[in-house]
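The lines below spell out each chain.
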Amino acid sequence: MATEITAQELNTELFTNEKVEEIRETVGDGMAINALSGGVDSSVVTMLGHRALGKRLRTVFVENGLMREGEARQVVDFFQKLGVTVEVVDAREEFFAALAGITDPEEKREAITQSFYRNVFGRIVRESGAKYLLQGTILTDIDETVAGIKRQHNVFEQLGIDPQEAFGYRILEPLIQLRKDGVRKTVTPERVETVRKANAVVERLLKDTGAFQYMAILHEDRVTGMRDGKRDFGQQIEVRCWDSIDARTATPTRLPFEILEKLADEIIREVPGVVSVTYNIASKPPSTIEAI
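These numbers come from a predicted model, not from an experiment. Within each chain, residues carry numbers counting from 1 in the order of the written sequence. Owing to the predicted nature of the model, reporting of local features is limited to residues with pLDDT of at least 70; listing and counting of side-chain atom pairs is limited to 80 or more, with chain, interface and lining totals taken over all residues. As a rule here, side-chain values come from all non-hydrogen atoms in the structure, and water together with hydrogens is ignored.

A. A look at the packing of helix α1 (residues 12-27) against helix α2 (residues 40-53). Helix axes are fitted to C-alpha atoms over the stretch in contact, other axes to C-alpha atoms as well, and angles between N-to-C directions run from 0 to 180 degrees. Secondary structure elements follow DSSP: runs of H or I no shorter than four residues count as helices, runs of E no shorter than two count as strands, and numbering proceeds from the N terminus. Closest axis-to-axis distance for the α1/α2 pair is 8 Å, and the angle between their directions is 60 degrees. Classified by the angle their axes make, α1 and α2 are oblique. Between α1 and α2 lies a crossing of right-handed hand. Touching Thr-16, Asn-17, Lys-19, Val-20, Ile-23, Arg-24 and Val-27 of α1 are Leu-48, Gly-49, Arg-51, Ala-52 and Leu-53, all from α2. The classification used treats Ala, Val, Leu, Ile, Met, Phe, Trp, Tyr, Cys and Pro as nonpolar, Asp, Glu, Lys and Arg as charged, and all other residues, Gly among them, as polar. Of the residues assigned to the contact of α1 with α2, the class counts are 6 nonpolar, 3 polar and 3 charged. Throughout, the term roughly parallel applies to angles under 35 degrees, roughly antiparallel to angles over 145, roughly perpendicular to angles from 65 to 115, and oblique to all others. Throughout, a crossing is termed right-handed when the near helix is turned clockwise from the far one, and left-handed when it is turned anticlockwise from it by less than a right angle. Contact criterion: two residues are considered in contact whenever any of their non-hydrogen atoms come within 4.5 Å of each other.

B. Up close: helix α9 (residues 257-270). The end-to-end C-alpha distance of α9, which contains 14 residues, comes to 20 Å, matching closely the 20 Å that a straight helix rising 1.5 Å per residue would cover. Burial in α9 covers these residues: Leu-263, Ala-264, Glu-266 and Ile-267. Multiplying 1.5 Å by the helix residue count minus one yields the expected span of that helix. The buried label goes to any residue with under 20% of its type's maximum accessible area, the exposed label to any with over 50%, and the partly exposed label to all in between, with areas taken from a 1.4 Å probe on protein chains only.

C. Just the pattern of salt bridges, in detail. Put simply, a salt bridge is a Lys or Arg side-chain nitrogen that is within 4 Å of an Asp or Glu carboxyl oxygen. Applying the stated criterion across every chain, the model contains 10 salt bridges. With a shortest N-O distance of 2.9 Å, Arg-58 and Glu-87 are connected by a salt bridge. Here Arg-58 is found in strand β2 (residues 57-63), whereas its partner Glu-87 is found in strand β3 (residues 86-90), with 29 residues between them in sequence. Among the ionic pairs, Asp-90 bridges to Arg-92, the shortest N-O distance being 2.7 Å.

So this is what it looks like as structure tokens:
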């Protein structure tokens, strides 16, 4: 595996130029394809591929039904301004069908992996004729997968899985030497809509905090509450907001209590069915930034 390049060591201009040239040389006169989620890793890979290949890079946003409200349109519009055409593929029914009835976190990851790479994206790749997939795997993905912390859906060769044999294409990972220095849990459409609305409140109220990452999490457990003078057996949202450098370790952001109260008030008011809002105050480790 390639040697790690720390954020302190990274010369961004040199690194970018080298990776653009590597992609160009590897793909040659052929065509590559990549899936853009709108996150930091896939966005950087998209721009590297665009610089290297231009119109010979096909960028696809797979709408799996688990995204934030309006996220597909935001991503498409943003990259359109950068000169990158993004094709949106609606695969919501396939993903929800694959996740139906599954509660185990690792089984969810495997279901998403198979639905995305073999069924949805695999079909798109086969139809396009592309033999290369650009992917935003970073070193932390490898570490956490190999260590058994979690199975990253975008790690194959490191687990002895040949993507060419299993999925029919070769994966290029230009960010594999880097970590996220400066770089969600639902199965039904109804639960996705609940957490999506809560997340919209969280992002609106915490966007200026300078925090590393923040999100709303919808828990499985139902909790008792009161609404209009009557007992309401509803849902609970957990808010997580983190200070971190590289996502390997993190501490909860010390938000003013006034902001926490505003988060609770607006989530309960704007998200039907939610009767409880909590704030995570455990550091990583042992907690984690995400939740399944």
